[in-house]
Amino acid sequence: MSRIDAATDRAESAYDWVDSRLDLEGESDFLGKAFPAEDSFLLGEVALFCFGILVSTGTFLAFFYEPSTAAVEYGGSVAQYQGQEVPAAFKSVLNITYDVPFGMFLRRMHHWAAHLFVAAIALHMLRVFFTGAYRNPREPNWLVGTGLAGLAMFAAYTGYSLPYDEFASTAVGIGYNVAASVPIVGDPLASIVFGGQFPTSATIPRLFFLHVFLIPAAIAGLIAVHMAILVRQKHTEARRDGDVAAAGTGADVSGGAAGAGGDAPSASGGAEAPDGGARLIDRDDDSVVIGLPAFPNQAAVSAVVFFLTMAVLSLLAGLLPVHNIAEYGPNDPASTPSLVMPDWFLMWGYGFLKLTPSWLSFDVLGIHISSEFVGGLLLPSLVFVAVAVWPFIDRAEKPEHFTRNYLDRPFPTAVGILGVTLVMVASIAGMDVILAEILGTSTAVLRPYLTATLVLVPAAAGTLTYAILGGFADDSGEGGAEPTISEDDGTASATEGSSDD
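Criteria and cut-off values
Residues numbered from 1 in each chain as written. Predicted model: local features only at pLDDT ≥ 70, side-chain atom pairs only at ≥ 80, totals over all residues. Heavy atoms only, no water. pLDDT = per-residue confidence, 0-100. Contact = heavy atoms within 4.5 Å. Core = buried A, V, L, I, M, F, W, Y, C linked by side-chain atoms within 4.5 Å. Buried < 20%, exposed > 50% of the residue type's maximum accessible area, 1.4 Å probe, protein only. Patch = residues over 30% accessible without salt bridge, like charges linked within 9 Å, V, L, I, M, F, W, Y side chains within 5 Å. Areas by Shrake-Rupley, 256 points an atom, 1.4 Å probe, with all protein chains shown as cover. Salt bridge = Lys/Arg side-chain N within 4 Å of Asp/Glu carboxyl O. Helix = DSSP H or I, 4+ residues; strand = E, 2+ residues; numbered from the N terminus. Axes fitted to C-alpha atoms, helices over the stretch in contact; angles between N-to-C directions. Parallel < 35°, antiparallel > 145°, perpendicular 65-115°, else oblique. Left-handed = near helix turned anticlockwise from the far one by under 90°. Phe/Tyr/Trp six-rings, centres within 6.5 Å; stacked < 30°, edge-to-face > 60°.

A.B. asks: Hey, could you go over the confidence of the model for the chain for me, with residue numbers and the actual values?
C.D. replies: Put simply, the chain has an average pLDDT of 84, and 83% of its residues get 70 or more. For residues 248–274, every residue scores under 50 in pLDDT, and the model assigns this stretch 83 contacts once sequence neighbours within four places are set aside.

A.B. asks: An account of the nonpolar core is requested, with residue identities and associated values reported.
C.D. replies: With 82 residues, the main nonpolar core has Tyr65, Leu94, Phe117, Phe194 and Ile219 as its most contacted residues. Discounting residues that sit within four places of it in the chain, Tyr65 has contacts with Ala89, Ser92, Val93, Ile96, Leu162, Ile204 and Phe208. One finds Val178, Met347, Tyr350 and Leu353 within the second-largest nonpolar core, a separate group that totals five residues.

A.B. asks: Quick one: what's the story with a nonpolar patch on the surface, residue by residue and with numbers?
C.D. replies: A cluster of nonpolar side chains, namely Leu339, Ile428, Met431, Val433, Ile434, Ile438 and Leu439, defines an oily patch on the protein surface of about 570 Å² accessible area. By the secondary structure assignment, Leu439 is in helix α14 (residues 432–439).

A.B. asks: Now, about the pattern of salt bridges: what can you tell me, with residues and values included?
C.D. replies: In total, this model carries seven salt bridges according to the counting rule given. The residue Lys354 makes a salt bridge to Asp432 at a minimum N-O spacing of 2.6 Å. Of the two residues, Lys354 is situated in helix α11 (residues 347–355) and Asp432 in helix α14; the sequence distance between them amounts to 78 residues. The same class applies to Lys354 and to Asp432, which are both buried.

A.B. asks: Please set out the packing of α11 against helix α15 (residues 443–468) residue by residue, giving values where relevant.
C.D. replies: For any two helices packed against each other, the geometry is given by the interaxial angle and the distance between the axes. With their axes 10 Å apart at the nearest point, α11 and α15 run at an angle of 120° to one another. With respect to their mutual orientation, α11 and α15 come out oblique. In the packing of α11 onto α15, the handedness of the crossing is left-handed. Across from Phe352, Lys354 and Leu355 in α11, the residues of α15 making contact are Arg447, Leu450, Thr451 and Leu454.

A.B. asks: Any chance you could break down the packing of aromatic side chains for me, citing the residues and the numbers?
C.D. replies: Scanning the entire structure with this criterion turns up 23 aromatic pairs. Look at Tyr157 and Tyr160: their rings are 5.9 Å apart centre to centre, the planes differ by 80°, and that puts the pair in the edge-to-face class. Of this pair, Tyr157 and Tyr160 are both found in helix α5 (residues 139–160), three residues apart, which corresponds to roughly one turn of the helix. Classification of Tyr157 as buried rests on a relative accessible area of 13%. Judged by relative accessible area, Tyr160 falls into the buried class, the value being 16%. Their ring planes at 85° and their centres at 4.9 Å tell us that Tyr466 and Phe472 sit as a pair that is edge-to-face. Here a set of aromatic residues connected by ring pairs shows up, and it is made of Phe129, Phe130, Tyr134, Trp142, Trp390, Phe411, Tyr466 and Phe472.

Structure (structure tokens):
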């Protein structure tokens, strides 16, 4: 076989894999697409609305922000800096906070929307993970979600670097050192991201460009891909308690969407009642989705979720302060703040960086591998890689429609608990300065114990979860065998899930 034939076969195999999951040649009726009436499904919508709020408030803030480190004289409302020369970026954020009408409120809303955006993505992915909703045919959307999580964190990092106060400059310096520590390509990578060798006047303009254009564009693109896949595929459902009487026939079985009308769910397929009224949908029929149609029912629910999200963010912005740059002061290369910690969603990566011992720096074939690279980039990257490839480890050969009960899946649930515990312990390690102060000791004394905890506690939590769920007594690793429906009634095995072909 020639190389061209081999390449053609690989391309056809890739197309078949994508087509089996997205039905590329089929038709889809979005307005009739069914959305299961489960509250946890709305986490994705919360994340979407937060992104819209971030773009809106960020646009307002960008009108008044000056991405420059040039020294300018401050003449605003903060008395302690009156007449002093401060970086232009620092001055502009002070003006936004204390002089621009609604500036403080919108800056706070932008801050809390970023936190809620990351939290909603994380909770959404945890729901998908523990219910097994990432399995065939939904692996592509899991990969998209993993990319969104990473971009959201990077967007937050570039965002809190922009005020160029003492906190921001220290965070930028740490990020620069980590980027520069990458073997072989470290220096050019750091120059691309940070505009040259830090500190440099190009750093803030470069981070501003990444924060307001490049990263949001990438996030918007992945959201579009995520929504497009969602339209092509059916939503997953929890297993039904029994057969469902669905009013009407407003469903598109081939597209996998089942609408709902009136007070009862609507679907196509199943046996029609003798009186010619509602159709009876078998509890194991995976060819339809029982839920609310996209319009008007789900659209009304989404509107409520949007206004609730706005209300929560408005309440947080009105009552809770955010990063006080006036307290930290402008960047001073000769000093470092006594306490610098990233936001909670980056704390676990900071914990890896702090716990990585210096003796992990070594040379391989003349290439230097530093402890900064191992702790600051390699270990967090391995976490993201593990998350991304998991659907191909816990894979299903045939498409699945119904979600799984996490109590019936000992091994995947144990792995999930291990991962969550690992992130939690690493986050505590990132706050070692505070922990040492509480315990009345030093961080040097505390870190060996934190390192041991980082290794032992997640492993113990995962093993205990596996044992409690009966994993050691079940050779399959899934546990809790699913009920199997006989082929006589025209339905497939419940463990095989739906066929989206």
